[in-house]
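Coordinate inspection notes
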Amino acid sequence: MKKFEDLGLDPNLLKALSKLNYEDPTPVQEQAIPSVLEGRHVVACAQTGTGKTAAFVLPLMQRITRSSRKRPIPHALIVVPTRELAAQVEKVARVVAQPYQYKVRSVVGGIKYKPQLERLSRGVDVLVATPGRLLDLIDDRKIDLSHVQILVLDEADRMLDMGFWPPVKKILSMVPADCQKLLFSATIGKEINKMVGMYMPDSAKVEVARKGETAQQITQSCMPVEHGQKADLLLALLSQRSTGKTLIFTRTKRRADMLSRILGKNRIKSQAIHGGRSQPQRTRALKDFTTNRIDILVTTDVMARGIHVDNIDTVINYDVPVSPEDYVHRIGRTGRAGQMGDAITFVAPEEISAFRDIEFLTKSLISVVDLEDFPYKEGRIVPSKKRSAAKEKPKPFQHRSRKKPSRPTSRPRGRRR
Ligand code: AMP
C-alpha cells in the first residue's frame, strides 16, 4: 500500500492531511491523485465513503494557479448534487486550501442569493456549487467560468437522477476546452459514458467499487416483520442493543416525521431531516447529529447521498428502499474509511420483492436476525427459504467492538437499557 508521500503531493498538502487525520490514502485516493496531478481527465467509479472527496480536492489545490484575487473568477469548480454535499466538500476544501491561501466559496440553492454574491465578490479560487444556483449566477453574469482550470463533477449519477443533466452539460460547454475534468460517480451508466466520450477524451479510469458493491466492513442483516409492527420492533431494537450513532431511513417524508414523533414519545431523542424541511432546520438537525447532541437521525433517500457524518455506527432501513441502488447508498453512510458499521433492514411482506432486488444487485444473501423476546405476529415473511434455520434459531444481534471508538459520548446511554 502506498503512502500519501508516494503520490506526488506537495509537502504543504501533507500538513493539511494531518489536520484531517488522514494517515494513509484510501484506494481511490491512491489511484486518482497521481493521474490528476499529471493533468489527465479522470473518471472515478467510487461510491461515497471511499474517500473520494480528498481524492479530487488534494490534487486540485496543487494544480490550480491563481491569476486574479478579487473577481469572481474561479480556477476550480466543483459541482455537486445537494447542498449538504456542497457543505461537506467545502469543509474539506477549506482545510486543504489553507497552505495556498486559496479562497473556497460555495453557492447553493435554498439559501439567500445576496449574501452568497457578496462573499463571491470578495474573490473566489475554488467554487463548490449545486447546478441550479450556479446557472442562475451565470445567467445573471455574476460568475465567469472562462478561467476554470479544473472542473469536478461529484456524484454525477446522482446529478443525472435528480434531473441536473441539462445544467451540467451547459456548465461543461462553458468551461475552457482545455479545462481538466474529473468525474466521480458511484455508478457509470450509458449517459455518463456518453458524456465522458464527448468531453473527457483519454481519461484515466479509476474503479474502486463496482455497481452494487457494498463496503466490506458493513455487517448487513435483515429483520422480517409485519408492516404494522415496525415501530415496535424499532423501539425494542433500540432498547435491547446499543446501536450508537444511528441513521434511520424511511420511504417518505411523512413516515420520517411520524417515526421521529414516535421516538420522541418514547423519550428517544431524534430529529427528522428531509426535503420537506427548511434549510435551517436541516442544518440544525445535521449539526445536532454530528455533534452527538442526538444519536438518531431519521431521513429519506433524497438526503442519502448528501449526508457525510463520521462514525455512524448503524444504518436502519425502516423501510426497504424502492431502488436497490439506494440501498447501497444508504448503507454506505456507515462503515466509512475502514470503520465497522451495521446495516439493518426491516422487511415487511410487501417489501420482499424489493428486498430480493437488493440481494440480486449486491450479489449477497443478507442474513436474517430476529430480535429476542419480541412478540412477532404471524404473517411476516422471511425473505428466503435458505434462511429458515436462522428464523427458528434466533441469533441475538451482536454488537461488535468498533475498530475506532472515536465518538465522544455526550451523555449517558442509559435510556436504551
Ligand atoms: P468521502 O468518500 O469523501 O465522503 O469520505 C468518507 C469519509 O472518509 C470521510 O469521513 C472522510 O473524512 C474519511 N476519509 C477520507 N479519506 C481518508 C483517509 N485517507 N484516511 C482516513 N479517513 C479518510
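The numbering scheme is per chain: residues are counted from 1 as the chain's sequence reads. Given that the model is predicted, a residue must reach a pLDDT of at least 70 before its local features are reported, and side-chain atom pairs must reach 80 or more before they are shown or counted; all residues, however, enter totals for whole chains, interfaces and linings. Side-chain numbers come from the whole structure's heavy atoms, not from hydrogens or water.

Focus: the overall build of the protein
What the protein contains, in helices and strands, is 16 helices and 14 strands. Residues counted as buried form 56% of the 417 residues belonging to the protein. Long-range contacts, defined as pairs at least 24 residues apart, comprise 76% of the intrachain contacts of the protein with a sequence gap of at least 6. Accessible areas in this description were obtained via Shrake-Rupley with a 1.4 Å probe; residue shielding takes into account the shown protein chains only. Of the accessible surface of the protein, which amounts to about 18,500 Å², a share of 50% is contributed by carbon and sulfur atoms. Strands are runs of DSSP state E lasting at least 2 residues, helices are runs of H or I lasting at least 4, and numbering of each runs from the N terminus. Each residue is placed in one exposure class: buried if its accessible area under a 1.4 Å probe, protein chains only, is under 20% of its type's maximum, exposed if it is over 50%, and partly exposed if it falls in between. In what follows, a contact means two residues having at least one pair of non-hydrogen atoms within 4.5 Å.

Observations regarding the sheet that holds strand S14 (residues 367-368)
Pairing between two strands is assigned when DSSP locates at least 2 bridges connecting them. A sheet is described by the order of its strands in space; here seven strands give the open sequence S10-S11-S9-S12-S13-S8-S14, paired in parallel fashion. The strands lining the two open edges of the sheet, one partner per strand, are strand S10 (270-273) and S14. Here strand S12 (residues 314-317) pairs with strand S13 (residues 341-347) via four bridges, running parallel. Opposite Asn317, over in S13, you have Thr345 as the bridge partner. Strand contacts of helix H14 (residues 324-331): strand S8 (218-224), strand S9 (246-249), S12 and S13, with the helix running at about 155° to S12, the strand carrying the most contacts. A fitted line through C-alpha atoms represents every axis, and for helices the fit uses only the stretch in contact; the resulting angles, taken between N-to-C directions, go from 0 to 180 degrees.

So, the packing of helix H1 (residues 11-20) against helix H4 (residues 83-97)
Packed helix pairs are specified by the crossing angle of their axes together with the interaxial distance, meaning the distance between the axes. H4 packs onto H1 with a crossing angle of 135° between their chain directions and a minimal axis gap of 8 Å. With respect to H4, the axis of H1 lies oblique. Here Leu13, Ala16, Lys19 and Leu20 of H1 come into contact with H4, specifically with Val92, Val95 and Val96. Angular relationships are summarised with four words: roughly parallel below 35 degrees, roughly antiparallel beyond 145, roughly perpendicular across 65 to 115, and oblique for the angles in between.

Let's talk about the confidence of the model for the protein
The predictor reports its confidence for every residue as pLDDT, a score running from 0 up to 100. When pLDDT is averaged along the protein, the result is 84, and 86% of the positions lie at 70 or above. For residues 387-417, every residue scores under 50 in pLDDT, and the model assigns this stretch 66 contacts once sequence neighbours within four places are set aside.

Examining unusual backbone geometry
Its identity is not glycine, yet Asn21 carries a phi of approximately 65°, on the positive side. Turning to its location among the elements, Asn21 is positioned in the loop between H1 and helix H2 (27-37). The exposure class of Asn21 is exposed, given its relative accessible area of 65%. A positive phi angle is found at Glu155, which is not glycine, with a value near 50°. With respect to the secondary-structure elements, Glu155 resides in the loop between strand S5 (150-153) and helix H7 (156-161). Residue class for Glu155 comes out buried when judged on its relative accessible area of 2%.

Points about the sheet that holds strand S2 (residues 76-79)
Paired through their backbone hydrogen bonds, the strands of a sheet run either parallel or antiparallel. Read across the sheet, seven strands follow the order S3-S4-S2-S5-S6-S1-S7 without closing on themselves; strand pairing throughout is parallel. Whereas interior strands pair on both sides, the edge strands pair on one side only; in this sheet they are strand S3 (104-107) and strand S7 (204-207). Ignoring which end each strand starts from, the neighbouring axes of this sheet average 15° apart. Taken together, the four bridges between S2 and strand S4 (residues 126-129) define a ladder with parallel strand orientation. Paired with Val79 across the two strands is Ala129, which belongs to S4.

Details of H4
The first and last C-alpha atoms of H4 sit 20 Å apart over 15 residues, in line with the 21 Å expected at 1.5 Å per residue. Burial within H4 is extensive, with eleven of its 15 residues counted as buried. Among all positions in H4, only Glu84, Leu85, Ala86, Gln88, Val89, Glu90, Val92, Ala93, Val95, Val96 and Ala97 are buried. What a helix should span is 1.5 Å times the count of its residues minus one.

Overview of the pairing of S5
Because side chains alternate across S5, one face comprises the buried residues Ile150 and Val152, and the other comprises Leu151 and Leu153, equally buried. Of the pairings in the sheet, the one linking S2 to S5 comprises four bridges and is parallel in character. Residue pairing for S5: Ile78 is matched across the bridge by Val152. Taken together, the four bridges between S5 and strand S6 (residues 180-185) define a ladder with parallel strand orientation.

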